[in-house]
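So the chains spell out like this:
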Amino acid sequence: MTTIDAPPRSDAAHPAQASADAARGSREHAAPARRSLTIGRITVDTPVVLAPMAGITNMAFRLLCREFGARHSADDGGLFVSEMVTTRALVEDHRESWRLVTMGERESPRSIQLYGVDPATVRRSVEMLLERDRADHIDLNFGCPVPKVTRRGGGGILPWKTELFTQIVRAAVEAAGDVPVTVKTRMGIDDEHLTYRDAGLIAQEVGAAAIALHGRTVDQQYSGQADWEAIADLKRLVTDIPVLGNGDIWSAEDALRMVEETGCDGVVVGRGCQGRPWLFADLAAGFAGLPDRVRPSLGDVAAILRRHAELLVAFYEDEGRGVRDLRKHVAWYFKGYPVGGEMRHRLATMESLADLDAKLSELDLTSPYPGAAVEGPRGRSGSPRRPACPEGWMDTRDITPDIASRLHEAELAVSGG
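Reading the values: the criteria
Residues numbered from 1 in each chain as written. Predicted model: local features only at pLDDT ≥ 70, side-chain atom pairs only at ≥ 80, totals over all residues. Heavy atoms only, no water. Buried < 20%, exposed > 50% of the residue type's maximum accessible area, 1.4 Å probe, protein only. Helix = DSSP H or I, 4+ residues; strand = E, 2+ residues; numbered from the N terminus. Contact = heavy atoms within 4.5 Å. Polar contact = N/O pair within 3.5 Å; in protein donor to acceptor, adjacent residues only side chain to side chain. Axes fitted to C-alpha atoms, helices over the stretch in contact; angles between N-to-C directions. Parallel < 35°, antiparallel > 145°, perpendicular 65-115°, else oblique. Left-handed = near helix turned anticlockwise from the far one by under 90°. Pairing = 2+ DSSP bridges. Salt bridge = Lys/Arg side-chain N within 4 Å of Asp/Glu carboxyl O. Core = buried A, V, L, I, M, F, W, Y, C linked by side-chain atoms within 4.5 Å. pLDDT = per-residue confidence, 0-100. Right-handed = clockwise from strand over helix to strand, strands pointing away.

Draft legend 1. Spotlight on helix α8 (residues 228-237). Buried within α8 we find Trp228, Ala230, Ile231, Ala232, Asp233 and Leu234. Its buried side turned inward, α8 meets α7 (196-206), β8 (210-214), β9 (243-246) and α9 (252-262). Where α8 starts, the residue carrying a side-chain oxygen 3.0 Å from the main-chain nitrogen of glutamate 229 turns out to be aspartate 227.

Draft legend 2. Structural context of the packing of α9 against helix α10 (residues 279-287). In the contact formed by α9 and α10, the axes pass within 8 Å of each other and the chain directions differ by 45°. The angle between α9 and α10 places the two elements in the oblique class. Between α9 and α10 lies a crossing of right-handed hand. Contacts from Ala252, Ala255, Leu256 and Val259 in α9 reach Leu279, Asp282, Leu283, Gly286 and Phe287 in α10.

Draft legend 3. Spatial organisation of α10. Of all nine residues making up α10, nine are buried, and the element is well covered by its neighbours. Leu279, Phe280, Ala281, Asp282, Leu283, Ala284, Ala285, Gly286 and Phe287 are the residues of α10 that are buried. Where the residues of α10 are buried, they touch β3 (48-50), α1 (59-69), β4 (79-86), α9 and β10 (266-269). Two residues or fewer past α10, glycine 289 is found with a positive phi of approximately 80°.

Draft legend 4. Main features of the sheet that holds β8. Taken together, the eight strands give a closed barrel; going around it, the order is β3-β4-β5-β6-β7-β8-β9-β10, and neighbouring strands pair in parallel fashion. On average, each strand axis in the sheet is inclined to that of its neighbour by 25°, with strand direction left out of account. Summarising the sheet, strand β5 (residues 111-115) and strand β6 (residues 137-142) pair through four bridges and their orientation is parallel. What sits directly across from serine 111, in β6, is histidine 137. Relative to β5, helix α4 (residues 119-131) is tilted by about 160°, and along the sheet it contacts β5 and β6. Packing of α7 onto the sheet brings it into contact with β7 (181-186) and β8, and relative to β8 it is tilted by some 165°.

Draft legend 5. Summary view of the pattern of salt bridges. Applying the stated criterion across every chain, the model contains 32 salt bridges. As a salt-bridge pair, aspartate 233 and arginine 236 come within 3.9 Å of each other at their nearest N and O atoms. Of the two residues, aspartate 233 and arginine 236 are both situated in helix α8; the distance of three residues between them amounts to about one turn of the helix. Glutamate 351 serves as the salt-bridge partner of arginine 327, at 3.0 Å between the closest nitrogen and oxygen. Placement of arginine 327 in the loop between α12 (319-326) and α13 (330-333) and of glutamate 351 in the loop between α14 (341-347) and α15 (353-360) is noted, with a sequence separation of 24 residues between them. Taking the relative accessible area as the measure of exposure, arginine 327 reaches 24% and is therefore partly exposed. One continuous salt-bridge network, built from bridges that share partners, spans Glu67, Arg306, Arg307, Glu310 and Asp357.

Draft legend 6. A look at the nonpolar core. Within the largest apolar cluster, 78 residues are counted, with the highest numbers of intra-cluster contacts made by Leu140, Val169 and Val267. Sort the elements by how many residues they give to this core and helix α6 (residues 162-176) lands first, with eight residues. For valine 169, the residues in contact, after removing those within four places along its chain, are Leu140, Phe142, Val183, Val206 and Ala208. Counting residues in hydrophobic clusters, the runner-up holds 35 residues, among them Ala281, Leu326, Val330 and Leu363.

Draft legend 7. A look at the confidence of the model for the chain. Chain-level pLDDT for the chain is 89 on average; 89% of the residues reach the 70-or-more range. For the stretch residues 1-31, pLDDT sits under 50, and the model shows 61 contacts to residues farther than four places along the chain or on other chains.

Draft legend 8. Expanded view of the pairing of β5. When you tally the buried positions in β5, you get five out of five residues, the bulk of the element. Alternating positions in β5 separate into two faces, Ser111, Gln113 and Tyr115 on one and Ile112 and Leu114 on the other, with burial throughout. As a crossover connection, the stretch from β5 through α4 into β6 is right-handed.

Right, dumping it as structure tokens:
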């Protein structure tokens, strides 16, 4: 088994670390053995995966999360997956899609998530990624609940068509060779059309290296509470490959509890890290048996936000575009902190790094970590809604000629991200 090591890191203190570790416990007691995660030929020191999130998990955010994860890990503290990229866009050489799969020098292993509904296109996209030496790990998206994806048969509703699901996963696995391919899915379309058990067995049978389950159905979107019992059920059923759990992980304690309650081999973290990249330091510490937790003051958060801005500017090679992309993160970063609505609005309209600096300087940077106000759910949740599916999609698990013709056009309706 080959272990892909992260590139060397500097031990110098990071600007965002100034006082973010205020709450530290004693390390004099013997810590339990660290729990690692092995997926195919890759082993990471911490059993944590950053969930792909469109418009969020670009190179800049991934690097920021890695910097925090490295605090309590021999590597960067997990796997950090790219935004979802459509296979057709890669095959057609769309420039922006190839930008989305661009990795920084620090990024190893390089994890890329693909979305596709055509086995041949998925196969060719994987071949191209490897020909251009762009990936060490490939994840397949079968969990997206967004209507523009599902209404044409993709994302979280695709596993209902078991033969198509099988063909896509097999095509990716065969094209990838010794590069591990993983699958991320949901419980099913709704409570009457559950697919996760079939998906897990198929993924295992055709050679996937792991499967991740979000404990919600497509119709739930991100509402309600994730069903961790479904994750436990899948872990009992799928025994030859790792099973990862996803849903409602807002803290290191949540992650540890999910592993304990479900027996899963690792966790996938999405909305819980929005505006909180330091969560990966907490996760790495938690899985190392350490009590250390990051509790940033407002000044620390401002420094982290500024670091995020710098990374975005470097990623886009455009200061204006970088700071505009940061705007969406402002509310998440300052959730629970004494930053008034007017200032939040002003920060969410920043135009340059100098503009950002001027506005941050007006904050009371001495304000301490506010505690419970910062914790818990964040990001979108929404309400349950009927999934947007092609007409007749749930009538049969087979692919009818009409459905086949719609699938041919499915990827054309989804942007590269």
